[in-house]
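Listed below are the residues making up each chain.
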Amino acid sequence: MIPTAHQARPANAPRYRITLAGQVISPELEARLMRLRLTDRRGLEADQLDITLSDHDGRLALPRHGAELTLALGWQHQGLVERGTFIVDEVEHSGAPDVVVIRARSADMRRELPGKRSQSWHAHTLGEIVTTIARRHDLEPAIGATLRGVILEHIDQTDESDLHFLTRLAEQFDAIATIKAGRLLFMAAGQGSTASDQAIAPITLRRHHGDSHRYVESDRDAFTGVLAYWHDPDAAERAEVIAGSDENVKRLRHTYATRDDAVSAANSEWQRLQRGGAECSLTLAQGCPNLYPETPVRLSGFKAEIDAVAWLVTEAVHELNDSGFSSNVHCEVMT
C-alpha cells in the first residue's frame, strides 16, 4: 500500500487528490490505494484513469457508473497539477484478496460527438467547419491560426459521425483534433504550441531523471518527398504536386479535387514522415505530472544525437503505486 498520513513519508512524497461527485475522497482512499494509473493520449482518443483499491474488509462502496471523478497529481513540496475530469465507465470487484478496479474515461471524450450525418461542405474554411461542429455539440471552438483560414473547395461528410469526420480532417491537414475542458481544439501537430498558437514551454529531462530509455532512429532518407495527385479540369487530366524532393517520393493513392487540397495533403504527409524519423520513450523514476501530449521536451545527458533533437510528447502515462510516483513518456521529433 502507499504510505498513509500516519506512516513515515519521504521528505518530498508524491501526493494526489481525487474527488467523487464533487467530494474529496483522497483521505479515505489512502489506506486502500494499490495503484493509480493515468494514460494521457493525443487527439480524439479518450484519456483513461485506472484506480485499484483494496477491499480487504469488505467495506468499500462501489461507485456508480457515470459518476464523475477529478484527479490532481504532484509532489508534497511542489503542489498538485490538475489532470482533468473523468467519468466512471467500468467497475470490477475480484478476490480473494478482495480488490476493486475503477476505470474511467475523460469526461470531454465520453460523448464522442455521436450521431452519423451527411453534409456537403462547399467553399468553407477549416475554422468555419470546426466552429459549426463545436457549436453543434455545445463546445467552444479553438482553432490554430495557421489552419483557421484554410479553404476547402469541397468535402463531403457522408453517413459519418462528426468525430470520424474531424479525425479525417486532422489527418489530411496534419493536425491534432481533441476535446479538453469543454473546448474543441483543432491545431497543427508537432508544433509544441496551444490552439491559440502560444508556444508551450519546453521541459528538460536529464539522464539521471530516468530509470530507462529507448531511442529508435529509422532511415530518414527512405523517402525524400511526397507526391499527391489532383484532378485538373482545364487539362482534363490528373496532375501532381510534390512536397520535398522528387528523388524517392511516397505516392498518395487518393486523387484530390483541387491543387490546394493536394498540396495540403502532400505537405501534411511529408511532415508526418519527418517526425517519424526517430522516436524516444523514457521512464522517469520521479514522476513529472505536468507532462502532457504536445509538450516540447529537451533531453540532456544521453547520446549527442539524442540530445540534439527537439522532441514532442505524444503520450504520457503517470503511475502511483507502492514503489512511488513515476511517469512514462513517448516522444516524436518536433517539426
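Residues numbered from 1 in each chain as written. Predicted model: local features only at pLDDT ≥ 70, side-chain atom pairs only at ≥ 80, totals over all residues. Heavy atoms only, no water.

Another aspect to go through is helix 5 (residues 259-275). Under the 1.5 Å per step criterion, the end-to-end length of helix 5 is 24 Å for 17 residues, consistent within 8% with the ideal 24 Å. Asp-261, Ala-262, Ser-264, Ala-265, Ala-266, Ser-268, Glu-269, Trp-270 and Arg-275 are the residues of helix 5 that are buried. (Helix = DSSP H or I, 4+ residues; strand = E, 2+ residues; numbered from the N terminus. Expected span 1.5 Å × (residues − 1). Buried < 20%, exposed > 50% of the residue type's maximum accessible area, 1.4 Å probe, protein only.)

A sheet is described by the order of its strands in space; here three strands give the open sequence 16-15-17, paired in mixed fashion. For this open sheet the edge positions go to strand 16 (237-244) and strand 17 (249-256), each flanked by a neighbour on one side alone. The sheet shows a mean angle of 25 degrees between the axes of neighbouring strands, taken without regard to direction. Of the strand pairs in this sheet, strand 15 (residues 225-232) and strand 17 are connected by five bridges, and their pairing is parallel. Along strand 17, the bridge assignment pairs Tyr-229 with Thr-255. Docked against the sheet, helix 5 engages strand 15, strand 16 and strand 17, running at close to 165 degrees with respect to strand 15. (Pairing = 2+ DSSP bridges. Axes fitted to C-alpha atoms, helices over the stretch in contact; angles between N-to-C directions. Contact = heavy atoms within 4.5 Å.)

Moving on to the domain arrangement of the chain. Domain parsing of the chain yields domain 1 (14-109), domain 2 (116-188), domain 3 (203-218 + 277-333) and domain 4 (225-275). At the junction of the two partners, domain 2 supplies seven residues and domain 4 supplies eight residues. When domain 2 packs against domain 4, the two sides together hide about 670 Å² of surface, and 39% of this comes from carbon and sulfur. When the area that domain 2 buries against domain 4 is broken down by residue, the three leading residues are Glu-153, Gln-172 and Asp-174, summing to 68%. In this assembly, domain 2 and domain 4 are joined by zero salt bridges. Seen at the junction of domain 2 and domain 4, the total is two residue pairs in polar contact (both at pLDDT 80 or more). (Domains from an automatic or database assignment. Buried area = accessible area lost by both parts, 1.4 Å probe. Salt bridge = Lys/Arg side-chain N within 4 Å of Asp/Glu carboxyl O. Polar contact = N/O pair within 3.5 Å; in protein donor to acceptor, adjacent residues only side chain to side chain.)

For any pair of aromatic rings, geometry is given as the distance between the ring centres together with the angle between the planes. The tally for this structure, following the rule as stated, stands at three aromatic pairs. Taking the centre distance of 5.4 Å and the plane angle of 35 degrees together, the rings of Trp-75 and Phe-325 count as tilted. Here the residue Trp-75 occupies a position in strand 5 (residues 68-75), and Phe-325 occupies one in strand 21 (residues 324-333), the gap between them amounting to 250 residues. With respect to class, Trp-75 is no different from Phe-325; both count as buried. We note Arg-83 situated over the ring of Tyr-292; from NZ or CZ to the ring centre the distance is 3.8 Å. Directly above the ring of Tyr-229 sits Arg-238, whose terminal nitrogen or CZ lies 3.6 Å from the centroid. (Phe/Tyr/Trp six-rings, centres within 6.5 Å; stacked < 30°, edge-to-face > 60°. Lys NZ or Arg CZ within 6 Å of the ring centre and 35° of its normal.)

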